[in-house]
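Below are the chains, spelled out letter by letter.
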Amino acid sequence: MTTDLQAKKFGFLFTWFDQNGDGWLTRDDFEKMAGMFTGLAAEDDEKTKTAMQQSFMHWWGLLLESGQGTSGEKIGHPEFLRIMSTSVIAPENFQNAVGRIAEGMVAALDRDGNGSLSQKEFVRMYDVVGVPPSTSTEWFKRLDRDSSGGLSCAEFRQAIVEFYLSADPNAPGNWLLGSMDVFK
């Protein structure tokens with residue numbers, strides 16, 4: 001069962017994914033999101049690009065499979081919230097839909113290959129969706145639990161899990177997509 005906080009976070013996610021702002025999610029929206037994030041990978045890193053592309057399309061496939069009463073191949077806001085809580089965050093689907101995208105992001109952004117994301121690498125991820133560096137820098141500080149100046153793969157993964165699965169309003173992972181004020 002989805003908590004009120006999760007529903008708010010999923011609603012915010014819907015807005016991020018709705019690339020043309022028409023109130024519907026379509027395959028095109030998911031392809032655009034995939035394109036933005038695969039563009040972060042090194043030009044010759046086909047493995048990471050392919051993995052992220054496949055993960056975004058897997059997520060879209062889950063939405064379509066679980067959709068009921070939608071208009072063609074469109075998913076509206078209420079339907080998205082229902083499918084997120086019943087299918088996408090289900091243990092059997094979460095890793096393939098969300099976890100692989102997170103792993104792909106780390107692989108694409110970790111340009112120095114040290115296994116963690118520097119603040120600069122993290123900020124670069126949000127640059128593609130138009131988040132100002134001053135804003136994403138604040139998010140980075142909230143997610144850097146050990147104040148090491150880098151987000152380890154484990155810290156990034158924990159933030160992803162908390163954003164999608166935690167009902168705790170104080171979980172640092174809630175800052176993955178911005179200020180908690182958005183979710184109040």
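Please read all numbers here as calculations on a predicted model, not as lab measurements. (Residues numbered from 1 in each chain as written. Predicted model: local features only at pLDDT ≥ 70, side-chain atom pairs only at ≥ 80, totals over all residues. Heavy atoms only, no water.)

Student: I'm lost on the overall build of the protein in this one. Help?
Tutor: Scanning the protein for helices and strands turns up 8 helices and 4 strands. Reading the secondary structure of the protein in the N-to-C direction produces α-β-α-α-β-α-α-β-α-α-β-α. Computed over its C-alpha atoms, the radius of gyration of the protein comes to 16 Å, within 12% of the 16 Å expected for a compact globule of 184 residues. When each of the 184 residues of the protein is scored for burial, the buried share is 47%. Across the protein, the fraction of contacts at a sequence separation of at least 24, relative to all contacts at a separation of at least 6, is 59%. Working note: accessible area of the protein is about 8700 Å², and carbon and sulfur atoms make up 51% of it. (Helix = DSSP H or I, 4+ residues; strand = E, 2+ residues; numbered from the N terminus. Rg over C-alpha atoms; globule rule 2.2 N^0.38 Å. Buried < 20%, exposed > 50% of the residue type's maximum accessible area, 1.4 Å probe, protein only. Contact = heavy atoms within 4.5 Å. Areas by Shrake-Rupley, 256 points an atom, 1.4 Å probe, with all protein chains shown as cover.)

Student: For this particular structure, what's the right way to read the packing of aromatic side chains?
Tutor: By convention here, two paired aromatic rings are described through the distance between centres and the angle between planes. Across all of its chains, the model carries 16 aromatic pairs by this definition. Residues Phe-122 and Phe-140 carry aromatic rings whose centres are separated by 5.5 Å and whose planes lie at 55° to one another, so their mutual orientation is tilted. Of the two residues, Phe-122 is situated in helix 6 (residues 119-127) and Phe-140 in helix 7 (residues 133-143); the sequence distance between them amounts to 18 residues. Phe-140 shares its class with Phe-122; the two are buried. Grouped by ring-pair contacts, the aromatic residues Phe-10, Phe-17, Phe-30, Phe-37, Phe-56, Trp-59, Trp-60, Phe-94, Phe-163 and Tyr-164 constitute a single cluster. The positively charged end of Lys-9 is found above the aromatic ring belonging to Phe-163, 5.5 Å away from the centroid. (Phe/Tyr/Trp six-rings, centres within 6.5 Å; stacked < 30°, edge-to-face > 60°. Lys NZ or Arg CZ within 6 Å of the ring centre and 35° of its normal.)

Student: Whenever I open this one, the packing of helix 5 (residues 91-109) against helix 8 (residues 153-165) confuses me. Can you help?
Tutor: Two quantities define a packed helix pair, namely the angle between the helix axes and the distance between the axes. Helix 8 packs onto helix 5 with a crossing angle of 145° between their chain directions and a minimal axis gap of 10 Å. For the crossing formed where helix 5 meets helix 8, the hand is right-handed. Across from Phe-94, Gln-95, Val-98, Gly-99, Ala-102, Met-105 and Val-106 in helix 5, the residues of helix 8 making contact are Cys-153, Phe-156, Arg-157, Ile-160, Val-161, Tyr-164 and Leu-165. Split by residue class, the contact of helix 5 with helix 8 holds 11 nonpolar, 2 polar and 1 charged. (Axes fitted to C-alpha atoms, helices over the stretch in contact; angles between N-to-C directions. Left-handed = near helix turned anticlockwise from the far one by under 90°. Nonpolar A, V, L, I, M, F, W, Y, C, P; charged D, E, K, R; others polar.)

Student: Just to check I follow, could you spell out the side chain of Asn-93 for this structure?
Tutor: Considering the arrangement of structural elements, one finds Asn-93 in helix 5. Residues within four places of Asn-93 in sequence aside, it is in contact with Leu-62, Ser-87 and Val-88.

Student: Would you mind going over the side chain of Asp-29 with me for this structure?
Tutor: Following the sequence through the fold, Asp-29 ends up in helix 2 (residues 27-38). Buried and unpaired, Asp-29 has Lys-32 as its nearest opposite-charge partner, separated by 5.6 Å. One polar contact links the side chain of Asp-29 to the main-chain amide nitrogen of Thr-26, over a distance of 3.0 Å. Setting aside chain neighbours within four positions, we find Asp-29 in contact with Phe-17, Asp-18, Gln-19, Asn-20 and Trp-24. (Lys, Arg positive; Asp, Glu negative; His and termini not counted. Salt bridge = Lys/Arg side-chain N within 4 Å of Asp/Glu carboxyl O. Polar contact = N/O pair within 3.5 Å; in protein donor to acceptor, adjacent residues only side chain to side chain.)

Student: I keep staring at the nonpolar core and nothing clicks. Help me out?
Tutor: Where a protein is soluble and globular, its nonpolar side chains tend to be buried together. Of all hydrophobic cores here, the largest spans 51 residues; its most connected members are Trp-59, Phe-156 and Tyr-164. Secondary structure elements with two or more residues in this core: helix 1 (4-17), helix 2, helix 3 (46-66), helix 4 (77-88), helix 5, helix 6, helix 7 and helix 8. Ranked by residues supplied to this core, first place goes to helix 5 with 9 residues. If near-sequence neighbours (up to four positions away) are discounted, Phe-156 is found in contact with Ala-102, Met-105, Val-106, Leu-117, Phe-122, Met-125, Leu-151 and Leu-176. (Core = buried A, V, L, I, M, F, W, Y, C linked by side-chain atoms within 4.5 Å.)

Student: Even after reading the chapter, I still don't get the pattern of salt bridges, so can you show me in this structure?
Tutor: Side chains carrying opposite charge are able to pair once their charged atoms draw close together. Using the criterion set out here, one finds 6 salt bridges in the structure. For Lys-49, the salt bridge is made with Glu-46, and the minimal N-O distance between the two is 3.9 Å. Here Lys-49 and its partner Glu-46 are both found in helix 3, 3 residues apart, which amounts to about one turn of the helix. Since its relative accessible area comes to 19%, Lys-49 is described here as buried. Between Arg-142 and Glu-138 there is a salt bridge whose closest N-O contact spans 2.9 Å. Highlighted residues: Arg-142 and Glu-138, both in helix 7, separated by 4 residues, approximately one helical turn. Here Glu-138 falls in the partly exposed class, since its relative accessible area comes to 32%.

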